[in-house]
Amino acid sequence: MNTLAVASSNLGAIDAAHHLHPFSNMKKLNAEGTKIIERAEGMHIWDSTGKQYLDAFAGLWCVNVGYGRQSIAEAAYKQMQELPYYNTFFGTTTPPATLLAQKIASHTGPTLNHVFFTNSGSEASDTWFRMVRVYWKALGHETKTMVIARKNAYHGSTVAGASLGGMKWMHEQGNLPIEGIAHINQPYWFAEGGDLSPAEFGLKVARELEEKIDELGEENVAAFVAEPIQGAGGVIVPPDTYWPEIVRICKARNILLVSDEVICGFGRLGSWFGHQHYGFEPDLAPIAKGLSSGYLPIGGVLVSDRVAEVMREEVGDFYHGYTYSGHPVCAAAALENIRIIEEEKLVERVRDDIGPYFKSAWASLADHDVVGEAVSVGLMGAVQLSPDKEKRSRYAKPDDIGTLVRNQCVANGVILRATGDRMLASPPLIISRAEVDQTVEVLRKGLDVLRDTHRD
Ligand code: PXG
């Protein structure tokens, strides 16, 4: 037996003794025990007891091409043999890094032609956060430093990422947010729309951006950042009126627009990038996750000609970067991942075939007694749990309610995620119609348990 096999017989105890997990209460986790995931293929994962699950969450919003792609493993192996590492700092590059930048740019709109590589979405947040300030300073606007973000947004866990995010409970740990960031409301109609129609509410919250710019002074604001659809915040799909108004305001007030594409990028919404789905072109766009389908860690920032030109002509050296920026093995894996997305036409599949199928299957959950709304775009969906849908009311303990339904789904073999009282799906883009049906059926069963056990 190899060391791994010996260890795995006792892995739970070893994990409890040595491994600190992200976003986890270690006391609770150690008491309950960790689920050990041992292998995966296509849409499925298996744990150490041999139980199989349909992964309707693509790992953590990222395994877009599904598990078990030999060609990605081979691309990484080949690259590792040829050149396992070299940097991109001192006038050098590697073939995969350069070719990946070109490949990504071939799928963006006309102006997003440049890529700055990172290892993660969080590092991408830190990268553009510095870049927008450097950009305005180079143009002589020294005071244009503030960034406006949204409540309940998620932009990562680094100091800048967590500060840009709008999760209060994250801010409470580590004295965040850092200075220079302001948050406005999110377009979450179900919970915060009051008596307004979704269209009216979309305009109202978009105009909060204008009000915030007025309050801070246009001369002090560098950028606005938002996810096309807020992911970790609960798949908050904005009303149709929202994005056009945001784009109008950013243009009118001359502030940079940053579209966080870490979840929405690489086909999730049935377009290469989320902003394309909503018909706009941002100035900067952080990417990660689906860029490599999670096979290896890699992220980056898409940079428009407008910003890249100022960085090149006015800034000179940008003192920013990571040892592994454009890592050749990760870049080779990402190139193969994108080749698969292209060859199998997964973006078109989400837009024209499985996305519409998912939409109607998912929407059928709206007739359930405890469902307030069932929304989706492409292969990204949310079901809002509500004890009284007419009043759009909320359960008293939203986290407990979401966890209850999530645990039911997992017990019945389908991985879904709960964010408070919203159930979220974000499956690999290869999901079949039968697997969509299975996901919806298992979720419906979980909703039945909620209805039968909880009144409020
Ligand atoms: N931006 C967005 C929109 C994200 O969703 C990041 C940035 C940060 O990426 P990295 O690669 O640094 O994790 C993310 C990541 C959840 C969950 O619970 C979501 C993310 C990460 C961890 C957990 O839904 N999104």
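Residues numbered from 1 in each chain as written. Predicted model: local features only at pLDDT ≥ 70, side-chain atom pairs only at ≥ 80, totals over all residues. Heavy atoms only, no water.

Trainee: Help me understand the sheet that holds strand E11 (residues 371-377), please; the structure alone is not making it clear to me.
Mentor: Taken in spatial order, the 4 strands of this open sheet run E11-E12-E15-E14, and their pairing is antiparallel. If you trace the sheet from one side to the other, it starts and ends with E11 and strand E14 (417-419), each paired once. Going across the sheet, the axis of each strand differs from the next one's by a mean of 20 degrees, ignoring polarity. Pairing of E14 with strand E15 (residues 422-425) involves 3 bridges; the strand directions are antiparallel. (Pairing = 2+ DSSP bridges. Helix = DSSP H or I, 4+ residues; strand = E, 2+ residues; numbered from the N terminus. Axes fitted to C-alpha atoms, helices over the stretch in contact; angles between N-to-C directions.)

Trainee: Explain the nonpolar core to me, please; I cannot follow it from the model alone.
Mentor: Within soluble globular proteins, side chains that are nonpolar tend to cluster in buried spots. Ile104, Val383 and Leu443 are the most contacted members of the largest nonpolar core, which totals 57 residues. Looking at this core, the element that brings in the most residues is helix H15 (residues 328-343), giving 7 residues. Taken domain by domain, the makeup of this core includes at least three residues from each of domain 1 (35-65 + 348-453) and domain 2 (72-343). For Val383, the contacting residues outside a window of four places in its chain are Trp362, Leu365, Val371, Glu373, Ala374, Asp421, Arg422, Met423, Leu443 and Leu447. Of all hydrophobic cores here, the second largest spans 39 residues; its members include Ala58, Ile184, Trp243 and Cys264. (Core = buried A, V, L, I, M, F, W, Y, C linked by side-chain atoms within 4.5 Å. Buried < 20%, exposed > 50% of the residue type's maximum accessible area, 1.4 Å probe, protein only. Domains from an automatic or database assignment. Contact = heavy atoms within 4.5 Å.)

Trainee: What's the story with the site of the ligand in this structure? I'm lost.
Mentor: Close to the ligand lie 15 residues; Trp61, Gly121, Ser122, Asp260 and Arg417 are nearest. In this structure, an oxygen atom belonging to the ligand sits 2.9 Å away from a main-chain N or O atom of Gly121. In this structure, a nitrogen atom belonging to the ligand sits 3.3 Å away from a side-chain N or O atom of Lys289. Coverage of the ligand by the protein chains reaches 84% of its 540 Å² of free accessible surface. Broken down by secondary-structure element, the contributors of at least two residues to the shell around the ligand are helix H4 (58-61) and helix H7 (121-138). A class-by-class count of the residues in the shell around the ligand yields 6 nonpolar, 5 polar and 4 charged. Residue contributions to the shell around the ligand reach at least three from each of two domains, namely domain 1 (35-65 + 348-453) and domain 2 (72-343). (Near = heavy atom within 4 Å. Polar contact = N/O pair within 3.5 Å; in protein donor to acceptor, adjacent residues only side chain to side chain. Areas by Shrake-Rupley, 256 points an atom, 1.4 Å probe, with all protein chains shown as cover. Nonpolar A, V, L, I, M, F, W, Y, C, P; charged D, E, K, R; others polar.)

Trainee: For this particular structure, what's the right way to read helix H17 (residues 354-363)?
Mentor: In an α-helix, one turn spans 3.6 residues; hence positions three or four apart end up facing the same way. Within the sequence span of H17, burial applies to Ile354, Gly355, Phe358, Ala361 and Trp362. Taken around the axis of H17, the buried residues stretch over an arc of 130 degrees, which confines them to a single face. (Arc of directions from axis to C-beta.)

Trainee: What is the right way to read the packing of helix H11 (residues 198-216) against helix H12 (residues 242-252) from this model?
Mentor: Any two packed helices are characterised by the angle at which their axes cross and by the distance between the axes. Interaxial distance between H11 and H12 falls to 8 Å at its minimum, and their mutual angle equals 20 degrees. It follows from the interaxial angle that H11 and H12 lie roughly parallel. For the element pair H11 and H12, the recorded crossing hand is right-handed. Contact with H11, carried on its side by Gly202, Leu203, Val205, Ala206, Arg207, Leu209, Glu210 and Ile213, involves Tyr242, Glu245, Ile246, Arg248, Ile249 and Cys250 of H12 and no other residues of that element. Taken together, the residues that form the contact of H11 with H12 break down as 9 nonpolar, 1 polar and 4 charged. (Parallel < 35°, antiparallel > 145°, perpendicular 65-115°, else oblique. Left-handed = near helix turned anticlockwise from the far one by under 90°.)

Trainee: Before we go on, may I ask you to explain unusual backbone geometry in this structure?
Mentor: Most of the time, phi is negative for any residue but glycine, and the peptide bond is trans. Omega for the bond connecting Leu176 with Pro177 falls within 30 degrees of zero, at -5 degrees, which places this linkage in the cis form. Looking at the secondary structure, you find Pro177 in the loop between helix H9 (168-171) and strand E6 (181-184). For Trp61, which is not glycine, the phi torsion reads 65 degrees and is therefore positive. The topology assignment puts Trp61 in helix H4. Trp61 sits in the buried class, given a relative accessible area of 3%. Not every positive phi belongs to a glycine, and Ser293 is a case in point at roughly 50 degrees. The residue Ser293 is located in the loop between strand E9 (284-287) and strand E10 (299-303) in this model. By relative accessible area, Ser293 is classed as buried at 1%.

Trainee: How should I be thinking about the pattern of salt bridges in this particular structure?
Mentor: Two side chains of opposite charge can pair, provided their charged atoms sit close to one another. Within this structure, the stated rule accounts for 20 salt bridges. Across the pair Arg248 and Glu210 runs a salt bridge, and its minimum N-O distance is 3.5 Å. With Arg248 in helix H12 and Glu210 in helix H11, this residue pair connects regions lying 38 residues apart in the sequence. One connected set of salt bridges, linked through shared partners, spans Arg207, Glu210, Glu245 and Arg248. (Salt bridge = Lys/Arg side-chain N within 4 Å of Asp/Glu carboxyl O.)

Trainee: Which parts of the structure should I look at to understand the domain arrangement of the chain?
Mentor: Often the size quoted for an interface is simply the accessible area lost on bringing the parts together. Assigned domains of the chain: these are domain 1 (35-65 + 348-453) and domain 2 (72-343). The centre of domain 1, based on its C-alpha atoms, is set 26 Å off from the matching centre of domain 2. At the interface, 31 residues of domain 1 touch 34 residues of domain 2. Between domain 1 and domain 2, the buried area comes to about 2,500 Å², and carbon and sulfur atoms account for 61% of it. Of all residues in domain 1, Val65, Met380 and Arg392 give up the largest surface area on contact with domain 2, accounting jointly for 30% of the area buried on that side. Counting across the interface, domain 1 meets domain 2 through 0 salt bridges. (Buried area = accessible area lost by both parts, 1.4 Å probe.)

Trainee: What am I meant to see in the pairing of strand E1 (residues 37-41) here?
Mentor: Moving residue by residue along a regular strand, the side chains alternate between the two faces of the sheet. Here E1 pairs with strand E2 (residues 44-47) via 4 bridges, running antiparallel. Residue Glu41 lies in a different strand from E2, and its bridge partner there is His44. The antiparallel pairing of E1 with E2 creates a hairpin that spans 2 residues between the two strands, and Gly42 there sits at a positive phi of about 60 degrees.

Trainee: What should I look at first to understand H12 in this one?
Mentor: Among the residues making up H12, those that are buried are Tyr242, Trp243, Glu245, Ile246, Val247, Ile249 and Cys250. Downstream of H12 by a residue or two, Asn254 has a phi angle that is positive, lying close to 55 degrees.

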